[in-house]
Amino acid sequence: MVVTEASTGDVARRAQVDAVIRVHDLEVRFGEKIILNGLNLDVRRGEILGFVGASGGGKSVLMRTILGLATKKRGKILVFDKDLDTLSVRRREAVERRWGVLFQHGALFSSQTVRQNIQMPMREYLTMSERLFDEMAALKIELVGLKPDAADKYPSELSGGMIKRAALARALALDPEILFLDEPTSGLDPIGAQEFDDLIATLQRTLGLTVFMVTHDLDSLSGVCDRIAALADGKVIAEGPIETMMASQHPWLRAYFHGSRARRGSLETGHFRSSLRRDD
Amino acid sequence: MRPKRRLTLKPDAVLHRAEGAVVVDLSGDWSAPNAHECEAEAAQVLAGVKERAAVTLNARGVARLDTLGAWVLSRLVHDLGEQGAPATITVTQPAHKILFEEVRYRPLPESHRTRQFLVPDMLADIGKVMVDAMKDLVNGIAFLGSFIAGCINVIMGRSRFRFASLVAQLERVGLRSVPIIVLISMLVGGIIAQQSVFQLQSFGTVSFVADLLGVLVLRELAVLLTSIMIAGRTGSSFTAELGSMKMREEIDALRTMGLDPIEILVVPRIVALLIGLPLLTFISSMAGLFGGGVVAMLYGGVSPEVFLSRLQNAIGINTFVVGMVKAPFMALVIGVIACIEGFAVSGSAESLGARTTASVVKSIFMVIVVDGLFAMFFASIRY
């Protein structure tokens, strides 16, 4: 397989929509328990996809399976039109360098400062001058809206919101094309969550990212997501913009988008973003 | 070449000169995987533009651009300006335009790399170690005080004695340590006996092996072996447990419920050590003597009857008491150090590891110091 990036991209463009991640007929089990059962999902280039589902329903499992952290029983996952199972270790690494992951609790390395955390993937993969390493780290810190003095702090000295931002800076260290976010706004206050949503939208525009966001935050879903996919019973039961979700007759979706939290948030009256937000 | 290089096009910058103006045609991927080449190309352009003329960086031919490429290029623009050659970038692709706007060169805050001086740093380190040692001593005494206060509260009935917790700790500290303590004590007893027999053979007094073994094992070896083993086995686990509870704010949770972590976590652990360590010391003594006796019989030809009767002559109750009296003190030293280190863990995983190591090293050191103090004490009272 000595194809250049451009030609694989062309092949993808010719085949229907331009999807950077294709999940086909995925089955994942934990022991006897079936978590994902024949799941299909496409993530299109340049979109922000919100992924919703009940707690414990397998949202994070799907993300972990795409990332290769959980094993699947059946099905196919294509990232950049490459089947990750059949790639050699080297080629897999090359794909892994093109995505960045923001874990729910940040997963910053606790024994390193924020700067060292951000530089860690850079130092592993890139060759450049010490000056440029420092400048790139400072740039990423600025991009995610952290103060410069956060660079030399350790994760234990940061607040919850700052940890998320620092972890986002690390996820962006290698200028990835896909960004995975696991509940990015959980644990943030409504103002912080709103800022984080805006940050993700800005970064997505600036860097041309594709964002896969697992979230419970109704404001994020209606505010920044281009498309939403809903998970229930191990399958994607609905896909589309927020209006499609609102119009769906599926009982779980009705409960989710028309429940008291959503109503209090006046989803239906269109003043949604100004009001309450799930804060779990 | 490595395959990851093949996926990208090399960045390139070509200089043209026309009518007093300089045009630099950029092409290829100005992105992170080519970081080194990007820097090199930019440095070449900077070196190549000698004259004070307007420079145009033509970025139309750039295939891929990311924050790194945009940064390097806008830094080049800035550096050219400094050199007296005002530069501009022409961009056509809207995505690249946004990137250049977002990633405009500005002086970023310098990192605070601390400079290293060998001799002053070393002196500072020595001073710090001394101050820390003093602090450790004060902390240790303060902690011992709060442990005793906790015990008094329990004895006076002001707070509940956690019997279940004590039993659980006692099982871990005592019962689960028995096999390993018996094993190493027997082996060490055997080795001592073998060495003694070997040396005594030349004097023809092999049966004195019982004297040597009895005094050595009962007075010193059993309690030292047990304490060192427990410091490594139980002390480290106390530190790690309390440390990870501290990291996850479980200890703060206890405090907010009005519960004293000392009474709930520390008292059962140290009391379990205070009960368990003397028992283990006794078991260790017996195992050491047994191991030594077996070796004396098999290797030295000393029959069990002779061995036992020599043993009876050689040791008195004081030999046994000297060893046993030390055990509770060792327990206190190990328990207090392990708990102090556990509570001193801060947020990072590294600190948990460092504290656990410190706990074991300090306990073993202190066990030996305390043993030395006891040896001096017993020698001066001739016991």
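Residues numbered from 1 in each chain as written. Chains lettered and ligands numbered in written order. Predicted model: local features only at pLDDT ≥ 70, side-chain atom pairs only at ≥ 80, totals over all residues. Heavy atoms only, no water.

Here's the deal with the interface of chain B and chain A
In step 1: Contacts between the two partners involve 34 residues from chain B and, on the opposite side, 36 residues from chain A.
In step 2: Buried area between chain B and chain A, summed over both chains or domains, comes out near 3100 Å², and the portion from carbon and sulfur atoms is 57%.
In step 3: For the pair chain B and chain A, the number of links is 1 salt bridge.
In step 4: If you look at where chain B meets chain A, you find 6 residue pairs in polar contact (both at pLDDT 80 or more). (Contact = heavy atoms within 4.5 Å. Buried area = accessible area lost by both parts, 1.4 Å probe. Salt bridge = Lys/Arg side-chain N within 4 Å of Asp/Glu carboxyl O. Polar contact = N/O pair within 3.5 Å; in protein donor to acceptor, adjacent residues only side chain to side chain.)

Re the packing of helix H5 (residues 130-143) of chain A against helix H3 (residues 67-82) of chain B
In step 1: Following both chains from N to C, one finds H5 of chain A and H3 of chain B inclined at 115 degrees, their axes separated by 11 Å at the closest point. As summarised for this structure, H5 of chain A and H3 of chain B are arranged roughly perpendicular, according to the angle between their axes. In the crossing of H5 of chain A with H3 of chain B, the sense of the turn from one axis to the other is right-handed. Contacts from Arg-131, Leu-132, Glu-135, Met-136, Leu-139, Lys-140 and Leu-143 of chain A in H5 of chain A reach Thr-67, Leu-68, Trp-71, Val-72 and Arg-75 of chain B in H3 of chain B.
In step 2: Taken together, the residues of the contact of H5 of chain A with H3 of chain B sort by class into 7 nonpolar, 1 polar and 4 charged. (Axes fitted to C-alpha atoms, helices over the stretch in contact; angles between N-to-C directions. Helix = DSSP H or I, 4+ residues; strand = E, 2+ residues; numbered from the N terminus. Parallel < 35°, antiparallel > 145°, perpendicular 65-115°, else oblique. Left-handed = near helix turned anticlockwise from the far one by under 90°. Nonpolar A, V, L, I, M, F, W, Y, C, P; charged D, E, K, R; others polar.)

Describing the confidence of the model for chain A
Residues and elements named next belong to chain A.
In step 1: For chain A, per-residue confidence averages 79 on the pLDDT scale, and residues scoring 70 or more make up 86% of the total.
In step 2: Highest mean pLDDT in chain A belongs to strand E8 (residues 210-214) (90); lowest belongs to helix H1 (residues 5-14) (42).
In step 3: Under a pLDDT of 50 for its full length, residues 1-14 has, in the predicted model, 15 contacts with residues more than four places off or in other chains.
In step 4: With pLDDT under 50 throughout, residues 268-280 is counted as low confidence; its partners more than four residues away or in other chains account for 41 contacts. (pLDDT = per-residue confidence, 0-100.)

Observations concerning the nonpolar core
Across soluble globular proteins, nonpolar side chains have a tendency to be buried as a group.
In step 1: Membership of the largest hydrophobic core comes to 89 residues, with the highest contact counts inside it found for Met-128, Leu-168 and Phe-257 of chain A together with Leu-26, Trp-30 and Val-55 of chain B.
In step 2: In contact with Leu-26 of chain B, other than residues within four places in its own chain, are Asp-12, Ala-13, Leu-57, Asn-58, Ala-59, Gly-61, Val-62 and Leu-73 of chain B.
In step 3: Counting residues in each nonpolar core, the second largest holds 42 residues, with Leu-166, Ile-270, Val-333 and Ile-334 of chain B among its members. (Core = buried A, V, L, I, M, F, W, Y, C linked by side-chain atoms within 4.5 Å. Buried < 20%, exposed > 50% of the residue type's maximum accessible area, 1.4 Å probe, protein only.)

Side note on the sheet that holds strand E2 (residues 33-44) of chain A
In any sheet, the strands associate via hydrogen bonds between backbone groups, in a parallel or an antiparallel arrangement.
Residues and elements named next belong to chain A.
In step 1: The 4 strands lie next to each other as E2-E1-E4-E5, forming an open sheet whose pairing is antiparallel. Of all strands in the sheet, those bounded by a partner on one side alone are E2 and strand E5 (82-83).
In step 2: Sheet topology places strand E1 (residues 19-30) next to E2; 9 bridges connect them, and they run antiparallel. Across the sheet, residue Arg-29 finds its bridge partner in E2, namely Ile-34.
In step 3: Across the face of the sheet, helix H2 (residues 59-67) comes into contact with E1, E2 and strand E4 (74-79) while running at roughly 115 degrees to E1. (Pairing = 2+ DSSP bridges.)

A few points about the confidence of the model for chain B
Residue and element names in this part refer to chain B.
In step 1: Across chain B, the average pLDDT comes to 87, with 96% of residues at 70 or higher.
In step 2: Mean pLDDT per element in chain B: helix H1 (residues 3-6) is the minimum at 44, and helix H7 (residues 178-200) is the maximum at 94.
In step 3: With pLDDT under 50 throughout, residues 1-6 is counted as low confidence; its partners more than four residues away or in other chains account for 11 contacts.
In step 4: Taken together, the chains of this predicted complex give a pTM of 0.67 and an interface ipTM of 0.71.

Considering the sheet that holds strand E9 (residues 227-232) of chain A
Residues and elements named next belong to chain A.
In step 1: Read from one edge to the other, the open sheet built from 6 strands follows the order E6-E7-E8-E3-E9-E10, with strand pairing classed as mixed. Strands at the two margins of the open sheet, each flanked by one partner only, are strand E6 (99-102) and strand E10 (235-240). Adjacent strand axes in the sheet meet at a mean angle of 15 degrees, parallel and antiparallel pairs treated alike.
In step 2: Note: E6 against strand E7 (residues 178-182), 4 bridges, orientation parallel. Note that in E7 the partner of Leu-102 across the bridge is Leu-181.
In step 3: Taken strand by strand, helix H6 (residues 160-171) contacts E6 and E7, and its axis lies near 165 degrees from that of E6.

A few points about the pairing of strand E3 (residues 55-65) of chain B
If a strand is regular, its side chains alternate between the two faces of the sheet.
Residues and elements named next belong to chain B.
In step 1: Across 8 bridges, the pairing between strand E2 (residues 21-30) and E3 is parallel. For Asp-25, the partnering residue across the bridge sits in E3 and is Asn-58.
In step 2: Note that the unit made of E2, helix H2 (residues 35-48) and E3 has a crossover that is right-handed.
In step 3: With 4 bridges connecting them, E3 and strand E4 (residues 87-90) associate as parallel partners. Pairing of Thr-56 across the sheet is with Thr-88, part of E4.
In step 4: One crossover worth recording links E3 to the parallel E4 by way of H3, and it is right-handed. (Right-handed = clockwise from strand over helix to strand, strands pointing away.)

A word on the packing of aromatic side chains
In step 1: For the structure on display, the rule yields 11 aromatic pairs over all chains.
In step 2: Each ring, one from Trp-252 of chain A and one from Tyr-256 of chain A, has its centre 4.9 Å from the other, and the planes form 40 degrees; the classification is tilted. In this pair, Trp-252 of chain A and Tyr-256 of chain A are both assigned in helix H10 (residues 251-258), 4 residues apart and thus about one turn of the helix distant.
In step 3: An aromatic cluster is defined as three or more aromatic residues linked by ring pairs; in this entry it consists of Phe-51, Trp-99, Phe-180 and Phe-212 of chain A.
In step 4: Here Arg-269 of chain B stacks its cationic end above the ring of Phe-238 of chain B, 5.5 Å away from the centre of that ring. (Phe/Tyr/Trp six-rings, centres within 6.5 Å; stacked < 30°, edge-to-face > 60°. Lys NZ or Arg CZ within 6 Å of the ring centre and 35° of its normal.)

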